[in-house]
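# Survey of secondary and tertiary structure
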Protein chains: 2
Amino acid sequence: MAKDFPTRSENYSQWYNDLVIKADLAEPSPVRGCMVIKPYGYAIWEKIQAALDKMFKDTGHSNAYFPLFIPKSFFSREASHVEGFAKECAVVTHYRLKAAPDGKGVIVDEDARLEEELIVRPTSETIIWDTYRNWIKSYRDLPILINQWANVVRWEMRTRLFLRTTEFLWQEGHTAHATKEEAIREAETMLNVYASFAENWMAIPVLKGTKSPAERFAGAIDTYAIEALMQDGKALQAGTSHFLGENFAKAFDVKFLSKENQLEYVWATSWGVSTRLMGALIMSHSDDNGLVLPPKLAPIQVVIVPVFKNPEQLNLISEKVLPLKKALEAKGISVKYDDRDTQKPGWKFAEYEFKGVPVRITIGPRDIEQGTVEIARRDTLEKETFQMTDIENKIVHLLYQIQANLYNKALDFRENNTFRVDSWDEFKRVLDTTGGFIAAHWDGTPETEEKIKEETKATIRVIPLNNPPEKGKCVYSGNPSEGRVIFARAY
Amino acid sequence: MAKDFPTRSENYSQWYNDLVIKADLAEPSPVRGCMVIKPYGYAIWEKIQAALDKMFKDTGHSNAYFPLFIPKSFFSREASHVEGFAKECAVVTHYRLKAAPDGKGVIVDEDARLEEELIVRPTSETIIWDTYRNWIKSYRDLPILINQWANVVRWEMRTRLFLRTTEFLWQEGHTAHATKEEAIREAETMLNVYASFAENWMAIPVLKGTKSPAERFAGAIDTYAIEALMQDGKALQAGTSHFLGENFAKAFDVKFLSKENQLEYVWATSWGVSTRLMGALIMSHSDDNGLVLPPKLAPIQVVIVPVFKNPEQLNLISEKVLPLKKALEAKGISVKYDDRDTQKPGWKFAEYEFKGVPVRITIGPRDIEQGTVEIARRDTLEKETFQMTDIENKIVHLLYQIQANLYNKALDFRENNTFRVDSWDEFKRVLDTTGGFIAAHWDGTPETEEKIKEETKATIRVIPLNNPPEKGKCVYSGNPSEGRVIFARAY
C-alpha cells in the first residue's frame, strides 16, 4: 500500500476518491455509474445495517420485500412524485435475448417486448402503496410499520463512489397510519433514530430540521432531514424522513374504516438512508494518512502486529497474543492478529493505519521480556507502552475514548464552521473561503432561495427543529424574516 | 383466520399456495411473476440469512456487492453460459422517461436509448469475473472467497410463490483459486455447508450428489446439489455448488502468476441458495392445519395466550406471564404475549397454529390458582399441563425436541418414499402412485436421460456422492450401468 494520494488541502475530491479505492472500500464497475462494494467497504455497511436494523425493530418496525420493478403507469399516479422520480430511470422494455443472426453473441428479441415498460425502482412508494390498498380495510389494520433493505436505481449523469451512484443500496421505511398526528410523530421518531445513529455510531454530529418546499421529497408534505458537515465545509444530507400526508393514499385509493365507521384516507410516511452514509463516514473522520473509522463501525477494531526475526520469537509472541485475542473477542471486540511473515511490521503499520483500524497493538521480543505492549491510536496517532496486566479493560476503555474523541472532534469542527451571517457580502465570503453552515435570515420565498442557489450554489439545508423565532431581514432580499435557516453548499 | 383451504390430499398445489398467502408469507405483486414477501415470511428469510451468513463467514468468506446490471456483451463471453442464461432476461434499453405529449402520464424517451443494453443480473459470474481480472495478479491474491446477498431476475413464464418467481432473493458465492484441487474442495465444502444448514436448521434431510451433464449449471464443469423430498413425492433442489474449472477465467482472461512464476488461469466456484428454500421449508413440514415451522427458524418460537374474562383476571395472569416471558427471552427464545382483548382465545389458538408457532402456552385463572400452564406443541398438536416450576428449561428442551422430531419425521418420510427400482414398469408405477426418490440404474447417456424425462417428466436429481459401485442394467435401455442414480419428478 503506497501512500501515493493527495492530502485534503491539495485536492479534497481526489483525496476522497483515492481513499475509497485504495482502502479497498469500493471501485467503479464496468457498468457506468454503478460501483462494486469491496469486502472491506461492505463489512462497514453490514455494521451500519445491523445497528440501524436493530433500531428499526426496537421502534416496532418489521422488514419486508417488494418488487424491483414498477409498472411505468404507477409513476403518473402521484402528480409531484412523477415530476421528481419518473425521469432518470432504468427502463426495462424487453424480456428476452436471442442468438444474433451472424452467430456472434446475443441481441434483444424484438418479439419479447413488454406491453407496459417496467421501471427499476428509484424508490418504492408507488408499488408499496398499491400493495397496501389490499392490506388495509379497517383501523385495526393500522399502523403498518414496514422497512425494506434494497437496491435502487437513479440514472445519475455525474457519479461519485458512495456519494452518488446510479445503483445504490439503502433502506426505505414505509408506514401507514390512521391519523395525521401519528404519521407526523412517526416521521419525527425516525428522524431521531437517524440522528441518534449518526451521532452514537458514526460519531457524526448532525443538524435536524425540515426542508424548504423546494428541497422536499417529491410527493411529501414535509421532509425532515439530518445534515452533517464535511471537512471541506460542504454539507451532506445523511438521512431523510418524509411526512407524506394522504398523497399516496389518494393516488392509490387506500382508505380505511375508522373507529367512528367513517371511510378515510390513510396517512403515510417514508424514510431512508443509503450507502451514501459511507461517504459521510469517510469524509467526516479520515485524514491525510488515510481512513479513520469510529470503533463501533470498524470491521477490525484492534489489530495485533508481532515484531519478530525468527519463528521462535513469533512462537513466544503468539503464546501471549492468542490468549489476549481470545479475551478481547470475549468482550465482543473484533481482533485481527497479523502474523504473516511475508510483510514487514512497517508495511503492516502503514496498511492498518491507512485502513483506519482504531487500535494497533505491537508486541516484540523486548515486550515479552518486560511484560509490555505498545498501543497506537489511529485517531491521534499517539503511541504508548503499557503493562500487559488488565490490558483488555484498557483497550475496551480506549475504544470508547476513540469513539467519543472522533465525535467531539467532528462537533468542534462543525461549531467552528457554523457562522451567523447577516450580510450578503459576508454570506458569499464565507462560502468562498471556509465554507461551512451559514445561519442566516431568509424571507421564506422560493424565489429568493432559487436566486441564492443560482448565485452561490448554496441551498437551504434545514430549517432547524424548534428554531427560535428571531425577527430579522433576509440576507439576500432584505425582506422581513421570522428566523434563521441553515445554508451551505452541499454534496 | 378462516381455515378455508384444501387439505394436501385434496389439492396439494392449492394447499401450498393458500398456505403461503393466508399465513402472510408472501403474495403475488402487480408486476407479473414477482412477489411481495410479507413481514412474517421475511422474518423467516432473515433467520435463514443470518444462519447461512454465519456459516459462510465461519468458512472464511466475506460479503461484497456487485452491480445489478450486466452489459449484454458479457453474456456472450462464456459459450455455454450464454445458452443457459442470456435468454429469459429483463433488458434495460433506456434510461429516461418524459412527459407524454398528451399530458397524460409518462412515456419512454427515445433519445435516451443505451448504446449497449443492460441485463438485470440472472446470476453474476460474468460481471464478477470481469472484476476479478483486476484484483488477481499473483498467487498471493488468491483465494478470493466472496459471497453476495442480492436480488436476481429470470423471466419465468410459469411462476409459483417462492418456488419460481421472476425476481428472487438469493446469495451467490464466487470464489477464485490457484489450483483445481482447492476449487473442487471449496465447491464440496459449500455443498456440505448447505446440507448441514438444511438438516440442522430447516430440519430437512437432503441427498448430496452431483448433477448429470444435462442438469449442470451453464458454464460449470461439475454441479453439486442437495435435493429434498416434498410431501407430494416431488423433489426440490435446495442448493447448488458449482466447480467452474477455468471456464470463466478463460472467458474473462483472468490469469495469475503462480509461485513457480508461471502465468496460469484461475480456478473458480460459485454456489447459491435462494428464497426457494422458503418453499422447501413450507412444503416439508406443514400440515392440513397450516404452517409448521422448525423452532430454529420460527419468527415466534413461543406464543403465550391468556384466558380471561375481565381486566382483573388479565392482570393476575400478566403478573405471572411477564417474568416468564423475560426469562425465556433471556435464554434467546422469541416470545409473543398476545394479551389483546379484541380476539377470543380460540381465535388466537387457530391463528398461531395456522402460522406454525412451535409452542403455545395457555394460562387461565385456574392455572393461576394451581400454579400451572398448558403447553401445546404445533408439530404433534399434543397438549399437556405442567407446573410453572422450572418451566423455562422445559420449554428450551421442548423446542429442541420439536426441531429433532420434525427432522426425524421428514427423514422417515423420505426413507419410506425412496425406492430401489429395477424395471421400467415399476419406475412408471412409482411415479404415478406415491412419487418419491427412485434409485435406479442408468446407462450414463444423455439420450436415455432425455427419453426418461420425455416419457415420465422424471429427471436425474443427483448422482449420489460416494455412490457405491454396483453393476446393473439401465432401467430404461437395459444397457450396462455402473451404479444407481436418483430419479424423481421435481419442482
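Bear in mind the structure is a predicted one, so any value in this text is a computation, not a measurement.

### A look at the domain arrangement of chain A
For chain A, the domain assignment lists domain 1 (12-92 + 119-285), domain 2 (300-400) and domain 3 (418-488). Of note, the centres of domain 1 of chain A and domain 2 of chain A, computed from C-alpha atoms alone, are 40 Å apart.

### With respect to the sheet that holds strand β8 (residues 113-120) of chain A
Strand order in this open sheet of six strands is β4(A)-β8(A)-β5(A)-β5(B)-β8(B)-β4(B), and the pairing throughout is antiparallel. At either end of the open sheet lies a strand with only one pairing partner, and these are β4 (69-71) of chain A together with β4 (69-71) of chain B. Put simply, the sheet's adjacent strands are angled 45 degrees from each other on average, direction ignored. One ladder, built from three bridges, connects strand β5 (residues 91-94) of chain B with strand β8 (residues 113-120) of chain B; its direction is antiparallel. Looking across to β8(B), one finds that V91(B) is bridged to I119(B).

### Let's talk about the interface of chain A and chain B
Counting residues at the interface gives 52 residues for chain A and 52 residues for chain B. Among the residues making up the side of chain A that touches chain B, the classes are represented as 33 nonpolar, ten polar and nine charged. Two elements, strand β5 (residues 91-94) of chain A and β5(B), share three bridges in a ladder whose sense is antiparallel. Bridging from a neighbouring strand, V91(A) pairs with H94(B) of β5(B).

### What to know about the pairing of strand β13 (residues 235-245) of chain B
All names here are of chain B. Counted residue by residue, β13 has ten buried out of eleven residues, so it is predominantly covered. As paired strands, strand β12 (residues 222-229) and β13 are joined by eight bridges and run antiparallel to one another. Bridge pairing in β13 links A228 to L236. The turn joining β12 and β13, which pair antiparallel and follow one another in sequence, is formed by five residues; a positive phi near 85 degrees is taken by G233. Inspection of the sheet shows β13 paired to strand β16 (residues 267-274) by five bridges, in the antiparallel sense. Within the sheet, the bridge partner assigned to H242 lies in β16 and is S270.

### Here we look at the relation of the copies chain A and chain B
For the pair chain A and chain B, the superposition axis carries a translation of 0.0 Å, the fit reaches an RMSD of 0.0 Å, and the rotation angle comes to 180 degrees. A rotation of that kind, with that shift, is consistent with a two-fold axis. Relative to the rotation axis, the C-alpha of V92(A) is the closest in chain A, positioned 2.1 Å from it. Take the interface residues of chain A: 100% of them recur as interface residues in chain B, which is what a same-surface contact looks like.

### Let's talk about the environment of R77(B)
Secondary-structure assignment places R77(B) in the loop between β4 and α3 (79-85). With near-sequence residues (within four places) excluded, R77(B) lies in contact with T126(B), A251(B) and F252(B).

### Some details on unusual backbone geometry
Cis geometry is adopted by the peptide bond preceding P143(A), which originates at L142(A) and carries an omega value of -5 degrees. In the Ramachandran plot, D253(B) falls in the positive-phi region, its phi being about 55 degrees despite a non-glycine side chain. Examined against the element boundaries, D253(B) turns out to sit in the loop between α6 (247-251) and β14 (255-257). The exposure class of D253(B) is exposed, given the 11 C-beta atoms found within 10 Å. In this structure, L381(B) takes a positive phi of about 65 degrees despite not being glycine. Note that L381(B) resides in the loop between β20 (372-377) and β21 (383-387). A count of 11 C-beta atoms within 10 Å places L381(B) in the exposed class.

### Examining the environment of L291(A)
Residue and element names in this part refer to chain A. The residue L291 is located in the loop between α7 (276-285) and β17 (302-306) in this model. Taking the number of C-beta atoms within 10 Å as the measure of exposure, L291 has 25 and is therefore buried. In the structure, L291 is positioned 125 residues away from N416 in sequence and 23 Å away in space, judged by C-alpha atoms. Those residues within four positions of L291 in sequence are excluded, and the remaining contacts are L19, A23, I282, S286, F354, K355 and G356.

### Remarks on the sheet that holds strand β19 (residues 359-363) of chain A
Residues and elements named next belong to chain A. Spatial ordering of the open sheet is given by β18-β17-β19-β20-β21, a layout of five strands whose pairing is mixed. One side of each edge strand has no neighbouring strand; the edge strands of this open sheet are β18 (335-337) and β21 (383-387). Strand-to-strand twist across the sheet, computed as the mean angle between neighbouring axes with direction ignored, equals 25 degrees. Pairing of β19 with strand β20 (residues 372-377), which is carried by four bridges, proceeds in the antiparallel orientation. Paired with V359 across the strands is R377, a residue of β20. Strand contacts of helix α9 (residues 345-354): β17 and β19, with the helix running at about 170 degrees to β17, the strand carrying the most contacts.

Definitions and cut-offs
Residues numbered from 1 in each chain as written. Chains lettered and ligands numbered in written order. Predicted model: local features only at pLDDT ≥ 70, side-chain atom pairs only at ≥ 80, totals over all residues. Domains from an automatic or database assignment. Pairing = 2+ DSSP bridges. Helix = DSSP H or I, 4+ residues; strand = E, 2+ residues; numbered from the N terminus. Axes fitted to C-alpha atoms, helices over the stretch in contact; angles between N-to-C directions. Contact = placed C-beta atoms within 7 Å. Nonpolar A, V, L, I, M, F, W, Y, C, P; charged D, E, K, R; others polar. Buried ≥ 20, exposed ≤ 12 C-beta atoms within 10 Å, placed from the backbone. Least-squares fit on C-alpha atoms with pLDDT ≥ 70 in both.

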